[in-house]
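# Examination of the molecular architecture
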Amino acid sequence: MRLTSLPSARLSILGLASGLVASLLLSSPASAARPSAPGGFTGHGFDTCVAPDQATMDAWNLTSPFSAIGIYVSGSSRYCGDALQPNLSKQWVAQNAANGWRFLPIHVGRQAPCFVNNPSSRVQKQLMSRSAKTARSQARSEAKETIAALKKYGFGKHSTSYLDIEYYTRSSACDRIVLEFVDAWTEYLHAKGYKSGLYGSGSAAIQA
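Presented here is a report on the structure given in the accompanying data block. Counting from 1, residues in each chain are numbered in the order their sequence is written. For a predicted model such as this one, the threshold for reporting local features is a pLDDT of at least 70, and the threshold for listing and counting side-chain atom pairs is 80 or more; totals across whole chains, interfaces and linings nevertheless cover every residue. The side-chain quantities take in all heavy atoms of the structure and omit both hydrogens and water.

Any Lys or Arg side-chain nitrogen located within 4 Å of an Asp or Glu carboxyl oxygen qualifies as a salt bridge. All told, the structure shown has seven salt bridges when counted by the stated rule. Close ionic contact of Lys 152 with Asp 82 constitutes a salt bridge, the shortest N to O distance being 3.9 Å. Taken together, the residues Lys 152 in helix α3 (residues 132–152) and Asp 82 in the loop between β5 (66–74) and α2 (90–98) connect sequence positions 70 residues apart. According to the relative accessible area criterion, Lys 152 is partly exposed, its value standing at 46%. Exposure categories follow from relative accessible area, calculated using a 1.4 Å probe and restricted to protein chains: below 20% of the type maximum is buried, above 50% is exposed, and the middle band is partly exposed. Under the relative-accessibility criterion, Asp 82 is labelled partly exposed at 41%. Counting from the N terminus, the helices are the DSSP runs of H or I reaching at least four residues and the strands are the DSSP runs of E reaching at least two.

In structure tokens form, the structure reads like this:
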């Protein structure tokens, strides 16, 4: 998986960092008094399905090179949704922001029309419509959902939410819908004063 920031409409998606343990190069002013998503720094970050408890976060803070954490804040396709996040709360975010952590709020919603679910997975991901018009409407609805989650966890305007697009077998038709979806997602977030990013496979969404 890779992370990238997204410009306004008609985007071209470029990989910025690598993997589940990502090396992040980010550039926006950090704010010490509020959660930074992601905030300005050059460093390392990671994500984990369930936000760690405070003792674990404190241990990582003292003994690891990591200073940013991905948190799964919204989306119907999260493997670890709200019911499986006993630690994640506005207070948890505030405490770890005070300890110097930056955050990568991740939204896992509809996936590419050609994405193939693992039938044995307890989470069967919804797919984008193959209609560009409908896919764009779905993207705006999901962008609205992630803004609500950002507010819930204490992230203000100009915060970034990362759209998780899992690996899919590429085709021109599938790529077109993914780009329409990401484009509409980005337009909506930017119109509401937020920033957007993409968390995706280097061989699929990043190259689309």
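From this point, the discussion proceeds with the structure in view.
On to the environment of Tyr 194. Mapped onto the secondary structure, Tyr 194 falls in the loop between α4 (172–191) and β8 (195–200). On a C-alpha basis, the gap between Tyr 194 and Phe 155 in space is 9.9 Å, while along the polypeptide they are 39 residues apart. In this view, Tyr 194 contacts Ile 147, Leu 150, Lys 151, Phe 155, Gly 156, Lys 157, His 158, Ser 159 and Leu 189; residues no more than four positions away in its chain are not counted. Contacts are assigned to residue pairs that have any heavy atoms within 4.5 Å of one another.

Bringing the packing of aromatic side chains into the picture now. Only Phe, Tyr and Trp rings take part, Trp by its six-membered ring, and two of them pair if their centres are within 6.5 Å. Stacked means planes under 30 degrees apart, edge-to-face means over 60, and tilted covers everything else. Summed over all chains, the structure comprises six aromatic pairs. Here the aromatic cluster, defined as three or more aromatic residues joined through ring pairs, consists of Phe 46, Trp 60, Phe 66 and Trp 101. Here, a charge over a ring is recorded when the distance from Lys NZ or Arg CZ to the ring centre is within 6 Å and its angle to the ring normal is within 35 degrees. In this arrangement the basic side chain of Arg 122 is found over the ring face of Tyr 79, its NZ or CZ atom lying 3.8 Å from the centre.

Of all hydrophobic cores here, the largest spans 43 residues; its most connected members are Ile 71, Trp 92, Phe 103 and Tyr 168. Going through the elements one at a time, β5, α2, α3, β7 (160–165) and α4 are the ones with two or more residues in this core. Here this core gets eight residues from one element, more than from any other, and that element is α4. Those residues within four positions of Phe 103 in sequence are excluded, and the remaining contacts are Pro 35, Ser 36, Ala 37, Pro 38, Ile 69, Ile 71, Trp 92, Val 93, Asn 96, Ala 97 and Phe 155. Residues Tyr 72, Leu 104, Ile 106 and Tyr 199 belong to the second largest nonpolar core, which totals six residues. To qualify as a nonpolar core, a set must consist of buried Ala, Val, Leu, Ile, Met, Phe, Trp, Tyr and Cys residues joined through side-chain atoms within 4.5 Å.

All right, on to the pairing of β7 then. A large share of β7 lies buried, amounting to six of its six residues. Here β7 shows no split at all, with Thr 160, Tyr 162 and Asp 164 on one side and Ser 161, Leu 163 and Ile 165 on the other all buried. Looking at chain direction, strand β6 (residues 102–107) and β7 are connected through two bridges and run parallel. Each residue of the ladder has a partner; that of Ile 106, found in β7, is Tyr 162. Traced from β6 through α3 to β7, the parallel crossover comes out right-handed. Two strands make a pair as long as DSSP finds a minimum of two bridges between them. Crossover handedness is defined by viewing with both strands directed away from the observer: a clockwise path from the first strand over the helix to the second marks the crossover as right-handed.

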